[in-house]
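Residue strings, one per chain:
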Amino acid sequence: MHIPDGFLSTPVWTTMDVISAPAIAVVARRAQRETQDHRIPLLGVMGAFVFAAQMVNFPVGLGTSGHLLGGALLAIILGPSAAVLVMTAILALQALIFQDGGVLALGANVFNMALAGVAAGYLPYRLWAERSRSGAIFAAGALSVITSACLALAQLLISGVPMRGSILWASLALFLVSGIIEGAITVAAVGAIGRLNPGWVAGPEPSMSRTAAAVGVAAIVVVVIGTLVASTAPDGIQRLTTQALDSASWSERAFRGVAGLALIAAVCYLGGKLMSRRRSA
Amino acid sequence: MYHLVIDRWSRGSSPLHQRDPRAKLAALLVFLVAVSTTPPRAQLAFAGYAILLALAALRARLPIPGLAGRAALVLPFSATFALLTWWSGDSLRALALAEKSFLSGMVALLFVATTPLTAWTAALESWRAPRMLILVIQFVYRYLFVIAEQAQRMRWASVCRRGSRKRRWFDSSVAAGLVGVLFARSWERADGIYNAMLARGFRGRFVPVTPAPFRQSDAAFLAVCLAGCLGIRLLL
(Lines give C-alpha, C1' and ligand atoms only; values in the text may rest on other atoms or scores of the structure.)
Protein backbone atom coordinates (compact mmCIF):
# COMPACT_ATOMS: atom_id res chain seq x y z
CA MET A 1 0.00 0.00 0.00
CA HIS A 2 1.80 3.09 -1.26
CA ILE A 3 0.60 6.30 0.40
CA PRO A 4 0.42 9.18 -2.11
CA ASP A 5 1.11 12.79 -1.20
CA GLY A 6 -1.80 14.74 0.23
CA PHE A 7 -3.00 12.00 2.57
CA LEU A 8 -0.69 12.34 5.52
CA SER A 9 -0.90 15.36 7.77
CA THR A 10 2.21 17.53 7.98
CA PRO A 11 3.36 16.27 11.42
CA VAL A 12 3.03 12.67 10.27
CA TRP A 13 5.00 12.92 7.03
CA THR A 14 7.71 15.11 8.54
CA THR A 15 8.14 12.67 11.44
CA MET A 16 8.37 9.71 9.10
CA ASP A 17 10.88 11.51 6.84
CA VAL A 18 12.97 12.49 9.85
CA ILE A 19 12.99 8.86 11.03
CA SER A 20 13.60 7.24 7.66
CA ALA A 21 16.35 9.44 6.21
CA PRO A 22 19.03 8.78 8.86
CA ALA A 23 17.94 5.14 9.12
CA ILE A 24 18.54 4.69 5.40
CA ALA A 25 21.90 6.46 5.68
CA VAL A 26 22.97 4.01 8.39
CA VAL A 27 21.67 1.01 6.46
CA ALA A 28 23.40 2.20 3.27
CA ARG A 29 26.73 2.47 5.07
CA ARG A 30 26.26 -0.99 6.50
CA ALA A 31 25.31 -2.41 3.12
CA GLN A 32 28.35 -0.77 1.53
CA ARG A 33 30.59 -2.42 4.13
CA GLU A 34 29.00 -5.83 3.67
CA THR A 35 28.67 -5.85 -0.11
CA GLN A 36 31.55 -6.97 -2.26
CA ASP A 37 32.19 -5.14 -5.53
CA HIS A 38 30.74 -7.79 -7.75
CA ARG A 39 27.46 -7.73 -5.87
CA ILE A 40 26.73 -4.05 -6.50
CA PRO A 41 25.15 -4.68 -9.93
CA LEU A 42 23.36 -7.65 -8.36
CA LEU A 43 21.49 -5.41 -5.90
CA GLY A 44 20.19 -3.26 -8.76
CA VAL A 45 19.26 -6.21 -10.92
CA MET A 46 17.42 -7.78 -7.95
CA GLY A 47 15.39 -4.58 -7.67
CA ALA A 48 14.50 -4.84 -11.34
CA PHE A 49 13.72 -8.53 -10.79
CA VAL A 50 11.23 -7.69 -8.02
CA PHE A 51 9.55 -5.15 -10.32
CA ALA A 52 9.26 -7.82 -13.03
CA ALA A 53 8.26 -10.62 -10.67
CA GLN A 54 5.32 -8.47 -9.59
CA MET A 55 3.96 -8.96 -13.11
CA VAL A 56 3.72 -12.73 -12.71
CA ASN A 57 0.23 -13.66 -11.55
CA PHE A 58 -0.26 -16.45 -9.06
CA PRO A 59 -3.78 -17.85 -9.39
CA VAL A 60 -5.63 -17.71 -6.07
CA GLY A 61 -9.14 -18.98 -5.46
CA LEU A 62 -11.72 -18.73 -8.24
CA GLY A 63 -10.47 -16.62 -11.09
CA THR A 64 -8.58 -14.15 -8.94
CA SER A 65 -4.85 -13.82 -8.71
CA GLY A 66 -2.22 -12.33 -6.48
CA HIS A 67 1.34 -11.36 -7.10
CA LEU A 68 4.59 -11.34 -5.18
CA LEU A 69 5.42 -8.15 -3.28
CA GLY A 70 8.97 -9.22 -2.62
CA GLY A 71 10.09 -7.60 0.63
CA ALA A 72 10.52 -10.89 2.46
CA LEU A 73 12.03 -12.60 -0.60
CA LEU A 74 14.71 -9.90 -0.89
CA ALA A 75 15.42 -10.07 2.83
CA ILE A 76 15.88 -13.85 2.69
CA ILE A 77 18.13 -13.79 -0.38
CA LEU A 78 20.18 -10.60 0.02
CA GLY A 79 20.20 -10.15 3.79
CA PRO A 80 18.46 -7.34 5.65
CA SER A 81 20.58 -4.26 4.91
CA ALA A 82 20.90 -4.88 1.17
CA ALA A 83 17.18 -5.68 1.00
CA VAL A 84 16.27 -2.41 2.74
CA LEU A 85 18.42 -0.52 0.26
CA VAL A 86 16.90 -2.25 -2.77
CA MET A 87 13.36 -1.70 -1.48
CA THR A 88 14.14 1.98 -0.88
CA ALA A 89 15.43 2.35 -4.43
CA ILE A 90 12.28 0.69 -5.77
CA LEU A 91 10.04 2.96 -3.69
CA ALA A 92 11.91 6.09 -4.81
CA LEU A 93 11.52 5.12 -8.47
CA GLN A 94 7.86 4.23 -7.96
CA ALA A 95 7.17 7.56 -6.29
CA LEU A 96 8.85 9.68 -8.95
CA ILE A 97 8.32 7.80 -12.18
CA PHE A 98 5.36 5.48 -11.71
CA GLN A 99 3.10 7.73 -9.62
CA ASP A 100 2.90 5.04 -6.99
CA GLY A 101 3.32 6.74 -3.63
CA GLY A 102 4.23 10.33 -2.90
CA VAL A 103 7.55 12.15 -2.69
CA LEU A 104 6.92 13.75 0.69
CA ALA A 105 5.28 10.52 1.82
CA LEU A 106 8.41 8.61 0.73
CA GLY A 107 9.67 8.61 4.31
CA ALA A 108 6.47 6.96 5.49
CA ASN A 109 6.47 4.45 2.63
CA VAL A 110 10.16 3.65 3.16
CA PHE A 111 9.51 3.14 6.85
CA ASN A 112 6.49 0.88 6.26
CA MET A 113 7.75 -1.21 3.38
CA ALA A 114 11.54 -1.00 3.36
CA LEU A 115 12.51 -0.70 7.03
CA ALA A 116 9.62 -2.36 8.91
CA GLY A 117 8.59 -4.59 5.99
CA VAL A 118 12.06 -6.04 5.52
CA ALA A 119 12.62 -6.36 9.26
CA ALA A 120 9.31 -8.20 9.61
CA GLY A 121 10.35 -10.39 6.70
CA TYR A 122 13.85 -11.16 7.92
CA LEU A 123 13.44 -11.66 11.65
CA PRO A 124 10.96 -14.58 11.59
CA TYR A 125 13.09 -16.25 8.95
CA ARG A 126 16.24 -15.82 11.01
CA LEU A 127 14.48 -17.06 14.12
CA TRP A 128 12.62 -20.10 12.85
CA ALA A 129 14.41 -21.18 9.65
CA GLU A 130 16.27 -23.99 11.41
CA ARG A 131 13.13 -25.41 12.96
CA SER A 132 10.81 -25.31 9.97
CA ARG A 133 12.11 -23.68 6.84
CA SER A 134 8.90 -23.25 4.89
CA GLY A 135 7.03 -22.23 8.04
CA ALA A 136 9.62 -19.53 8.64
CA ILE A 137 9.44 -18.31 5.04
CA PHE A 138 5.64 -18.25 5.18
CA ALA A 139 5.72 -16.24 8.41
CA ALA A 140 8.28 -13.89 6.85
CA GLY A 141 6.12 -13.14 3.82
CA ALA A 142 2.89 -12.82 5.78
CA LEU A 143 4.29 -10.70 8.61
CA SER A 144 6.12 -8.40 6.21
CA VAL A 145 2.94 -7.52 4.31
CA ILE A 146 0.68 -7.29 7.36
CA THR A 147 3.15 -5.07 9.22
CA SER A 148 3.54 -2.65 6.29
CA ALA A 149 -0.20 -2.43 5.74
CA CYS A 150 -1.03 -1.94 9.43
CA LEU A 151 1.59 0.82 9.73
CA ALA A 152 0.21 2.58 6.65
CA LEU A 153 -3.31 2.31 8.07
CA ALA A 154 -2.17 3.70 11.40
CA GLN A 155 -0.45 6.65 9.71
CA LEU A 156 -3.58 7.43 7.72
CA LEU A 157 -5.73 7.22 10.87
CA ILE A 158 -3.38 9.50 12.82
CA SER A 159 -3.46 11.93 9.89
CA GLY A 160 -7.20 12.14 10.38
CA VAL A 161 -8.39 10.33 7.27
CA PRO A 162 -11.81 9.25 8.52
CA MET A 163 -12.64 5.57 8.41
CA ARG A 164 -15.67 3.88 9.85
CA GLY A 165 -15.47 0.76 11.93
CA SER A 166 -16.86 -1.53 9.25
CA ILE A 167 -14.37 -0.30 6.65
CA LEU A 168 -11.53 -0.75 9.10
CA TRP A 169 -12.55 -4.33 9.74
CA ALA A 170 -12.82 -4.96 6.02
CA SER A 171 -9.36 -3.55 5.36
CA LEU A 172 -7.85 -5.54 8.22
CA ALA A 173 -9.38 -8.71 6.80
CA LEU A 174 -7.94 -7.73 3.42
CA PHE A 175 -4.47 -7.26 4.98
CA LEU A 176 -4.70 -10.69 6.59
CA VAL A 177 -5.67 -12.33 3.30
CA SER A 178 -2.94 -10.55 1.35
CA GLY A 179 -0.47 -11.51 4.06
CA ILE A 180 -1.41 -15.18 3.73
CA ILE A 181 -1.16 -14.96 -0.07
CA GLU A 182 2.25 -13.28 0.10
CA GLY A 183 3.42 -15.94 2.54
CA ALA A 184 2.31 -18.74 0.22
CA ILE A 185 3.83 -17.06 -2.84
CA THR A 186 7.11 -16.40 -1.05
CA VAL A 187 7.35 -20.06 -0.02
CA ALA A 188 6.68 -21.15 -3.61
CA ALA A 189 9.15 -18.64 -5.10
CA VAL A 190 11.97 -19.40 -2.65
CA GLY A 191 11.36 -23.09 -3.25
CA ALA A 192 11.59 -22.67 -7.01
CA ILE A 193 14.76 -20.58 -6.74
CA GLY A 194 16.30 -23.08 -4.34
CA ARG A 195 15.63 -25.96 -6.73
CA LEU A 196 17.62 -24.16 -9.44
CA ASN A 197 20.55 -23.39 -7.17
CA PRO A 198 20.43 -24.02 -3.41
CA GLY A 199 23.30 -21.55 -2.93
CA TRP A 200 21.09 -18.61 -3.88
CA VAL A 201 18.68 -18.99 -1.00
CA ALA A 202 21.26 -19.90 1.62
CA GLY A 203 21.42 -16.20 2.42
CA PRO A 204 24.43 -14.26 3.65
CA GLU A 205 25.97 -14.95 7.05
CA PRO A 206 23.59 -13.83 9.78
CA SER A 207 24.94 -10.85 11.66
CA MET A 208 22.42 -10.84 14.48
CA SER A 209 21.94 -12.78 17.68
CA ARG A 210 18.87 -14.90 18.15
CA THR A 211 17.78 -12.85 21.14
CA ALA A 212 17.84 -9.65 19.11
CA ALA A 213 15.78 -11.38 16.44
CA ALA A 214 13.31 -12.59 19.06
CA VAL A 215 12.96 -9.09 20.51
CA GLY A 216 12.40 -7.77 16.99
CA VAL A 217 9.70 -10.30 16.20
CA ALA A 218 8.01 -9.50 19.50
CA ALA A 219 8.12 -5.78 18.72
CA ILE A 220 6.58 -6.38 15.31
CA VAL A 221 3.82 -8.54 16.74
CA VAL A 222 3.10 -5.89 19.38
CA VAL A 223 2.90 -3.17 16.73
CA VAL A 224 0.55 -5.22 14.57
CA ILE A 225 -1.70 -6.25 17.44
CA GLY A 226 -1.64 -2.70 18.80
CA THR A 227 -2.83 -1.37 15.47
CA LEU A 228 -5.53 -4.00 15.32
CA VAL A 229 -6.77 -3.17 18.80
CA ALA A 230 -6.59 0.57 18.24
CA SER A 231 -8.38 0.20 14.94
CA THR A 232 -11.38 -1.45 16.54
CA ALA A 233 -12.01 1.83 18.36
CA PRO A 234 -11.29 4.50 15.74
CA ASP A 235 -13.68 6.90 17.39
CA GLY A 236 -11.63 6.41 20.50
CA ILE A 237 -8.47 7.40 18.65
CA GLN A 238 -10.17 10.42 17.17
CA ARG A 239 -11.57 11.48 20.53
CA LEU A 240 -8.20 10.97 22.14
CA THR A 241 -6.35 13.06 19.57
CA THR A 242 -8.88 15.87 19.55
CA GLN A 243 -9.03 15.86 23.34
CA ALA A 244 -5.27 15.84 23.61
CA LEU A 245 -5.08 18.71 21.16
CA ASP A 246 -7.82 20.69 22.87
CA SER A 247 -7.26 20.31 26.55
CA ALA A 248 -3.90 18.88 27.48
CA SER A 249 -0.97 21.20 27.92
CA TRP A 250 2.19 20.70 25.89
CA SER A 251 4.12 19.06 28.72
CA GLU A 252 1.26 16.73 29.53
CA ARG A 253 1.04 15.57 25.93
CA ALA A 254 4.79 15.06 25.76
CA PHE A 255 4.66 13.09 28.98
CA ARG A 256 1.90 10.85 27.61
CA GLY A 257 3.93 10.25 24.45
CA VAL A 258 7.05 9.31 26.40
CA ALA A 259 5.05 7.10 28.74
CA GLY A 260 3.49 5.34 25.76
CA LEU A 261 6.89 4.77 24.17
CA ALA A 262 8.30 3.47 27.46
CA LEU A 263 5.36 1.09 27.77
CA ILE A 264 5.90 -0.22 24.24
CA ALA A 265 9.63 -0.65 24.88
CA ALA A 266 8.93 -2.51 28.13
CA VAL A 267 6.42 -4.82 26.47
CA CYS A 268 8.87 -5.54 23.63
CA TYR A 269 11.68 -6.25 26.08
CA LEU A 270 9.58 -8.58 28.22
CA GLY A 271 8.12 -10.32 25.18
CA GLY A 272 11.59 -10.86 23.75
CA LYS A 273 12.89 -12.21 27.07
CA LEU A 274 9.97 -14.58 27.33
CA MET A 275 10.40 -15.84 23.78
CA SER A 276 14.12 -16.44 24.07
CA ARG A 277 13.65 -18.20 27.41
CA ARG A 278 11.01 -20.46 25.91
CA ARG A 279 13.37 -21.22 23.04
CA SER A 280 16.22 -22.23 25.31
CA ALA A 281 13.93 -24.23 27.62
CA MET B 1 14.33 2.96 -22.42
CA TYR B 2 12.02 3.50 -25.34
CA HIS B 3 9.16 2.13 -23.21
CA LEU B 4 8.95 5.17 -21.07
CA VAL B 5 7.51 8.31 -22.58
CA ILE B 6 8.79 10.19 -19.57
CA ASP B 7 12.34 9.13 -20.33
CA ARG B 8 11.99 10.49 -23.87
CA TRP B 9 10.42 13.69 -22.58
CA SER B 10 13.24 14.19 -20.10
CA ARG B 11 15.74 14.53 -22.93
CA GLY B 12 14.17 17.72 -24.26
CA SER B 13 15.97 21.04 -24.55
CA SER B 14 13.43 23.58 -23.28
CA PRO B 15 14.46 26.29 -20.78
CA LEU B 16 13.02 24.12 -18.02
CA HIS B 17 15.05 21.11 -19.12
CA GLN B 18 18.25 23.18 -18.99
CA ARG B 19 17.84 24.29 -15.38
CA ASP B 20 20.15 22.79 -12.81
CA PRO B 21 18.65 19.59 -11.36
CA ARG B 22 19.33 20.86 -7.83
CA ALA B 23 17.20 23.94 -8.50
CA LYS B 24 14.41 21.80 -9.91
CA LEU B 25 14.56 19.35 -7.00
CA ALA B 26 14.37 22.22 -4.52
CA ALA B 27 11.46 23.75 -6.45
CA LEU B 28 9.70 20.37 -6.44
CA LEU B 29 10.00 20.10 -2.67
CA VAL B 30 8.82 23.69 -2.14
CA PHE B 31 5.78 23.08 -4.32
CA LEU B 32 4.95 19.80 -2.58
CA VAL B 33 5.24 21.33 0.89
CA ALA B 34 3.07 24.28 -0.15
CA VAL B 35 0.37 21.95 -1.52
CA SER B 36 0.58 19.64 1.47
CA THR B 37 0.09 22.45 4.00
CA THR B 38 -2.75 24.21 2.16
CA PRO B 39 -5.99 23.94 4.18
CA PRO B 40 -9.01 22.36 2.41
CA ARG B 41 -11.05 25.57 2.47
CA ALA B 42 -8.51 27.42 0.27
CA GLN B 43 -9.93 26.06 -2.99
CA LEU B 44 -8.63 29.07 -4.94
CA ALA B 45 -5.08 28.15 -3.97
CA PHE B 46 -5.45 24.72 -5.62
CA ALA B 47 -6.52 26.42 -8.83
CA GLY B 48 -3.46 28.66 -8.49
CA TYR B 49 -1.15 25.66 -8.15
CA ALA B 50 -2.74 24.07 -11.20
CA ILE B 51 -2.15 27.23 -13.26
CA LEU B 52 1.46 27.38 -12.06
CA LEU B 53 1.97 23.77 -13.16
CA ALA B 54 0.31 24.38 -16.51
CA LEU B 55 2.60 27.37 -17.14
CA ALA B 56 5.65 25.27 -16.26
CA ALA B 57 4.49 22.47 -18.58
CA LEU B 58 4.01 24.96 -21.42
CA ARG B 59 7.48 26.37 -20.76
CA ALA B 60 8.88 22.84 -20.88
CA ARG B 61 7.03 22.27 -24.17
CA LEU B 62 5.35 19.14 -22.79
CA PRO B 63 1.77 18.04 -23.61
CA ILE B 64 -0.45 18.96 -20.66
CA PRO B 65 -3.13 16.28 -21.38
CA GLY B 66 -0.43 13.60 -21.49
CA LEU B 67 1.01 14.73 -18.17
CA ALA B 68 -2.42 15.04 -16.57
CA GLY B 69 -3.44 11.60 -17.82
CA ARG B 70 -0.40 10.00 -16.26
CA ALA B 71 -0.83 11.92 -13.01
CA ALA B 72 -4.45 10.68 -12.92
CA LEU B 73 -3.05 7.23 -12.11
CA VAL B 74 -3.16 8.24 -8.44
CA LEU B 75 -6.84 9.07 -8.66
CA PRO B 76 -8.36 5.60 -8.13
CA PHE B 77 -6.56 5.33 -4.78
CA SER B 78 -7.33 8.87 -3.68
CA ALA B 79 -10.89 8.71 -5.01
CA THR B 80 -11.54 5.73 -2.72
CA PHE B 81 -10.42 7.67 0.32
CA ALA B 82 -12.11 10.85 -0.93
CA LEU B 83 -15.38 8.92 -1.13
CA LEU B 84 -14.89 7.64 2.41
CA THR B 85 -14.25 11.18 3.61
CA TRP B 86 -17.27 12.46 1.72
CA TRP B 87 -19.38 9.69 3.20
CA SER B 88 -18.42 10.78 6.70
CA GLY B 89 -19.74 14.23 5.84
CA ASP B 90 -16.70 16.33 4.98
CA SER B 91 -17.08 17.06 1.30
CA LEU B 92 -14.60 19.96 1.17
CA ARG B 93 -11.90 17.81 2.70
CA ALA B 94 -12.71 14.98 0.31
CA LEU B 95 -12.24 17.34 -2.64
CA ALA B 96 -8.98 18.67 -1.20
CA LEU B 97 -7.67 15.11 -0.76
CA ALA B 98 -8.15 14.30 -4.43
CA GLU B 99 -6.78 17.68 -5.54
CA LYS B 100 -3.69 17.44 -3.36
CA SER B 101 -2.76 13.96 -4.51
CA PHE B 102 -3.35 14.86 -8.17
CA LEU B 103 -1.31 18.08 -8.00
CA SER B 104 1.51 16.31 -6.14
CA GLY B 105 1.58 13.54 -8.72
CA MET B 106 1.56 16.06 -11.53
CA VAL B 107 4.49 18.07 -10.18
CA ALA B 108 6.55 14.92 -9.59
CA LEU B 109 5.85 13.90 -13.19
CA LEU B 110 6.80 17.33 -14.48
CA PHE B 111 10.05 17.02 -12.54
CA VAL B 112 11.04 13.64 -13.99
CA ALA B 113 9.78 14.67 -17.45
CA THR B 114 12.26 17.57 -17.49
CA THR B 115 15.14 15.96 -15.62
CA PRO B 116 16.89 12.79 -16.78
CA LEU B 117 17.50 10.17 -14.10
CA THR B 118 21.26 10.68 -14.13
CA ALA B 119 20.75 14.40 -13.50
CA TRP B 120 18.44 14.01 -10.51
CA THR B 121 20.51 11.25 -8.97
CA ALA B 122 23.56 13.53 -9.34
CA ALA B 123 21.60 16.28 -7.58
CA LEU B 124 20.69 13.87 -4.78
CA GLU B 125 24.29 12.84 -4.51
CA SER B 126 25.48 16.42 -4.21
CA TRP B 127 22.99 16.66 -1.33
CA ARG B 128 24.84 13.81 0.38
CA ALA B 129 22.36 11.03 -0.34
CA PRO B 130 24.09 7.67 0.29
CA ARG B 131 26.30 6.62 -2.64
CA MET B 132 25.17 3.04 -2.46
CA LEU B 133 21.48 3.97 -2.67
CA ILE B 134 22.11 6.14 -5.74
CA LEU B 135 23.96 3.29 -7.46
CA VAL B 136 21.15 0.85 -6.71
CA ILE B 137 18.54 3.32 -8.04
CA GLN B 138 20.53 3.71 -11.27
CA PHE B 139 20.95 -0.04 -11.75
CA VAL B 140 17.27 -0.74 -11.02
CA TYR B 141 16.18 1.88 -13.54
CA ARG B 142 18.62 0.65 -16.16
CA TYR B 143 17.48 -2.99 -16.01
CA LEU B 144 13.82 -2.48 -15.09
CA PHE B 145 12.43 -2.86 -18.58
CA VAL B 146 15.00 -5.38 -19.74
CA ILE B 147 13.88 -7.82 -17.05
CA ALA B 148 10.20 -6.86 -17.17
CA GLU B 149 10.20 -7.63 -20.89
CA GLN B 150 11.84 -10.96 -20.23
CA ALA B 151 9.14 -11.73 -17.65
CA GLN B 152 6.45 -10.79 -20.14
CA ARG B 153 7.91 -13.10 -22.82
CA MET B 154 8.18 -15.97 -20.34
CA ARG B 155 4.59 -15.48 -19.27
CA TRP B 156 3.36 -15.58 -22.84
CA ALA B 157 5.41 -18.67 -23.50
CA SER B 158 3.92 -20.46 -20.49
CA VAL B 159 0.38 -19.46 -21.46
CA CYS B 160 1.01 -20.74 -25.02
CA ARG B 161 2.22 -24.08 -23.78
CA ARG B 162 -0.13 -24.78 -20.94
CA GLY B 163 -2.99 -22.34 -21.12
CA SER B 164 -3.96 -20.09 -18.27
CA ARG B 165 -6.27 -22.64 -16.62
CA LYS B 166 -5.55 -23.84 -13.15
CA ARG B 167 -6.66 -26.85 -11.23
CA ARG B 168 -6.50 -26.27 -7.51
CA TRP B 169 -7.29 -23.44 -5.13
CA PHE B 170 -3.70 -22.29 -4.99
CA ASP B 171 -1.68 -23.73 -7.85
CA SER B 172 1.64 -22.01 -7.77
CA SER B 173 3.78 -24.48 -9.72
CA VAL B 174 3.83 -22.60 -13.04
CA ALA B 175 4.08 -19.10 -11.60
CA ALA B 176 6.70 -20.12 -9.06
CA GLY B 177 8.71 -21.80 -11.80
CA LEU B 178 8.51 -18.59 -13.80
CA VAL B 179 9.74 -16.54 -10.86
CA GLY B 180 12.54 -19.04 -10.23
CA VAL B 181 13.80 -18.99 -13.80
CA LEU B 182 13.45 -15.21 -13.96
CA PHE B 183 15.54 -15.00 -10.81
CA ALA B 184 18.20 -17.30 -12.27
CA ARG B 185 18.42 -15.23 -15.45
CA SER B 186 18.58 -11.98 -13.48
CA TRP B 187 21.38 -13.39 -11.38
CA GLU B 188 23.33 -14.42 -14.47
CA ARG B 189 22.70 -11.02 -15.99
CA ALA B 190 24.17 -9.35 -12.90
CA ASP B 191 27.32 -11.45 -13.32
CA GLY B 192 27.48 -10.45 -16.96
CA ILE B 193 27.07 -6.78 -16.05
CA TYR B 194 29.91 -6.98 -13.57
CA ASN B 195 32.16 -8.66 -16.14
CA ALA B 196 31.31 -5.94 -18.64
CA MET B 197 32.14 -3.31 -16.04
CA LEU B 198 35.51 -4.96 -15.44
CA ALA B 199 36.11 -5.10 -19.18
CA ARG B 200 35.52 -1.36 -19.36
CA GLY B 201 38.12 -0.64 -16.73
CA PHE B 202 36.08 -0.72 -13.49
CA ARG B 203 38.48 -0.89 -10.56
CA GLY B 204 36.09 -1.25 -7.66
CA ARG B 205 35.28 2.43 -7.38
CA PHE B 206 32.61 4.59 -8.93
CA VAL B 207 33.68 8.09 -9.90
CA PRO B 208 31.14 10.65 -8.74
CA VAL B 209 29.63 12.92 -11.36
CA THR B 210 30.82 16.48 -10.93
CA PRO B 211 27.71 18.64 -11.15
CA ALA B 212 27.60 21.59 -13.53
CA PRO B 213 27.96 24.96 -11.81
CA PHE B 214 24.83 26.48 -10.32
CA ARG B 215 24.18 29.51 -12.55
CA GLN B 216 22.31 32.72 -11.99
CA SER B 217 19.48 31.56 -14.24
CA ASP B 218 19.03 28.53 -11.98
CA ALA B 219 18.85 30.75 -8.92
CA ALA B 220 16.35 33.00 -10.70
CA PHE B 221 14.22 29.96 -11.60
CA LEU B 222 14.22 28.77 -8.01
CA ALA B 223 13.34 32.27 -6.79
CA VAL B 224 10.39 32.47 -9.21
CA CYS B 225 9.09 29.07 -8.10
CA LEU B 226 9.52 29.99 -4.44
CA ALA B 227 7.70 33.28 -4.92
CA GLY B 228 4.90 31.62 -6.91
CA CYS B 229 4.29 28.85 -4.37
CA LEU B 230 4.55 31.10 -1.33
CA GLY B 231 2.36 33.74 -2.96
CA ILE B 232 -0.38 31.25 -3.74
CA ARG B 233 -0.10 29.57 -0.34
CA LEU B 234 -0.21 32.77 1.70
CA LEU B 235 -2.44 35.07 -0.35
CA LEU B 236 -5.19 32.85 -1.79
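On a predicted model such as this, the values are computed, not experimentally measured, just so you know.

Quick notes on the rules
- Residues numbered from 1 in each chain as written.
- Chains lettered and ligands numbered in written order.
- Predicted model: local features only at pLDDT ≥ 70, side-chain atom pairs only at ≥ 80, totals over all residues.
- Helix = DSSP H or I, 4+ residues; strand = E, 2+ residues; numbered from the N terminus.
- Rg over C-alpha atoms; globule rule 2.2 N^0.38 Å.
- pLDDT = per-residue confidence, 0-100.
- Contact = placed C-beta atoms within 7 Å.
- Nonpolar A, V, L, I, M, F, W, Y, C, P; charged D, E, K, R; others polar.
- Buried ≥ 20, exposed ≤ 12 C-beta atoms within 10 Å, placed from the backbone.
- Axes fitted to C-alpha atoms, helices over the stretch in contact; angles between N-to-C directions.
- Parallel < 35°, antiparallel > 145°, perpendicular 65-115°, else oblique.
- Left-handed = near helix turned anticlockwise from the far one by under 90°.

### What to know about the overall build of chain B
When helices and strands are counted, chain B shows 11 helices and 0 strands. Secondary structure elements in chain B, listed N-terminal to C-terminal, are α-α-α-α-α-α-α-α-α-α-α. Computed over the C-alpha atoms, the radius of gyration of chain B is 22 Å, more than 25% above the 18 Å expected from 2.2 N^0.38 for a compact globule of 236 residues. Its C-alpha atoms give chain B principal-axis dimensions of about 60 × 55 × 30 Å.

### What about the confidence of the model for chain B?
Looking at chain B as a whole, the pLDDT averages 88, with 94% of positions reaching at least 70. Per the prediction output, this complex has pTM 0.86; the corresponding ipTM is 0.92.

### Quick look at the interface of chain B and chain A
Taken together, the contacts link 64 residues of chain B with 64 residues of chain A. Broken down by secondary-structure element, the contributors of at least two residues to the side of chain B that touches chain A are helix 3 (21–37), helix 5 (64–71), helix 6 (75–87), helix 7 (91–114), helix 9 (131–162) and helix 10 (173–199) of chain B. The element that contributes the greatest number of residues to the side of chain B that touches chain A is helix 9 of chain B, accounting for 17 residues. Partitioning the side of chain B that touches chain A into residue classes produces 41 nonpolar, 16 polar and 7 charged.

### Focus on the environment of valine 110 of chain A
All names here are of chain A. For valine 110, the location among the structural elements is in helix 5 (residues 106–128). Residue valine 110 is classed as buried on the basis of its C-beta count, with 26 C-beta atoms lying within 10 Å. In this structure the C-alpha to C-alpha distance between valine 110 and alanine 21, which are 89 residues apart in sequence, comes to 9.0 Å. With sequence-adjacent residues up to four places away left out, valine 110 is seen in contact with Ser20, Ile24, Thr88, Leu91 and Leu115.

### Regarding unusual backbone geometry
What you tend to see is this: most non-glycine residues have negative phi, and most peptide bonds are trans. Residues and elements named next belong to chain A. In this structure, glutamine 99 is a non-glycine residue whose phi angle is positive, near 55°. Here glutamine 99 shows up in the loop between helix 4 (80–96) and helix 5. On the neighbour-count criterion, glutamine 99 (25 C-beta atoms within 10 Å) is buried.

### Observations regarding the environment of arginine 210 of chain A
Relative to the helices and strands, arginine 210 of chain A resides in helix 8 (residues 210–232). The spatial distance from the C-alpha of arginine 210 of chain A to the C-alpha of alanine 25 of chain A is 25 Å, given a sequence separation of 185 residues.

### What about the packing of helix 1 (residues 10–34) of chain A against helix 5 of chain A?
Each packed pair of helices is defined by two parameters, the angle between the axes and the distance between the axes. Residue and element names in this part refer to chain A. At a closest axis distance of 7 Å, the pairing of helix 1 and helix 5 adopts a crossing angle of 55°. Taken together, the axes of helix 1 and helix 5 are oblique relative to one another. As for how helix 1 packs across helix 5, the hand of that crossing is left-handed. Across the interface between the two elements, Trp13, Met16, Asp17, Ile19, Ser20, Ala21, Ala23 and Ile24 of helix 1 pack against Gly107, Ala108, Val110, Phe111 and Leu115 of helix 5. When grouped by side-chain class, the residues that make up the contact of helix 1 with helix 5 number 10 nonpolar, 2 polar and 1 charged.

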